[in-house]
Amino acid sequence: MKRTKVLITILFSILVVLCMNVFVQKKFIRTYTITELEYRGYSIQDVQEIEIKHSYLNRLLSYNEWRISVEFKKQPDVLFWFTYRDDKIVFQGVSSEPLLDKEAIHDYSEKYKNGTLLK
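Calculation notes
- Residues numbered from 1 in each chain as written.
- Predicted model: local features only at pLDDT ≥ 70, side-chain atom pairs only at ≥ 80, totals over all residues.
- Heavy atoms only, no water.
- Helix = DSSP H or I, 4+ residues; strand = E, 2+ residues; numbered from the N terminus.
- Rg over C-alpha atoms; globule rule 2.2 N^0.38 Å.
- Buried < 20%, exposed > 50% of the residue type's maximum accessible area, 1.4 Å probe, protein only.
- Contact = heavy atoms within 4.5 Å.
- Salt bridge = Lys/Arg side-chain N within 4 Å of Asp/Glu carboxyl O.

A count of helices and strands for the chain gives 3 helices and 4 strands. The order of α-helices and β-strands along the chain, N terminus first, is α-β-α-β-β-β-α. Computed over C-alpha atoms, the radius of gyration of the chain comes to 18 Å, more than 25% over the 14 Å expected from 2.2 N^0.38 for 119 residues, which places it beyond the range of a compact globule. Considered along the principal axes of its C-alpha atoms, the chain spans approximately 65 × 25 × 25 Å. Considering the chain as a whole, with its 119 residues, one finds that 30% of them fall into the buried category. Contacts in the chain between residues at least 24 apart in sequence constitute 38% of all its contacts with a sequence separation of at least 6.

For the rest of this paragraph, the subject is the pattern of salt bridges. Under the definition given, this model contains 4 salt bridges. The partner of Arg40 in a salt bridge is Glu36, and the shortest N-O contact between them spans 3.1 Å. What makes Arg40 partly exposed here is its relative accessible area of 27%. Between Lys53 and Glu51 there is a salt bridge whose closest N-O contact spans 3.4 Å. Taking the relative accessible area as the measure of exposure, Lys53 reaches 47% and is therefore partly exposed. Accessibility expressed as a relative area gives 32% for Glu51, which makes it partly exposed.

So, on to the environment of Thr116. Here Thr116 lies in the segment after helix H3 (102-114). The spacing of Thr116 and Gly41 is 75 residues in sequence and 8.3 Å in space, taken between C-alpha atoms. Other than its neighbours up to four places away in sequence, Thr116 contacts Tyr42 and Lys111.

That bond from Glu97 to Pro98 is cis: its omega, 5°, falls within 30 degrees of zero. For Pro98, the location among the structural elements is in the loop between strand E4 (88-96) and H3. Despite not being glycine, Asp86 shows a phi value in the positive range, around 55°. Checked against the element boundaries, Asp86 lands in the loop between strand E3 (75-85) and E4. Residue Asp86 is classed as exposed on the basis of its relative accessible area of 64%.

Have a look at this one:
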């Protein structure tokens, strides 16, 4: 009985530490994302929403552990996707609802990279 309580306590402690790690990392990644956007010429006032998602399962399956979506105020239906890898924010691509054609996606990607998206 005592052994079971110790095991449950250890498992609960590990779960709490993992949740705290994700919470703290989200704060840092949000700051890194804002810095990356400012480096590209965008201000935080241009951003409508930054959403950061984490998945330990993705990490186990060798996918991106962190997924970041940024929505700009002037482009409300277009999401710009990033990931956090090797201590860097990496641009992944563009998506929208309804779906854009291939040329529009390429155009949005190039405008973002050049810093001319909102001009």
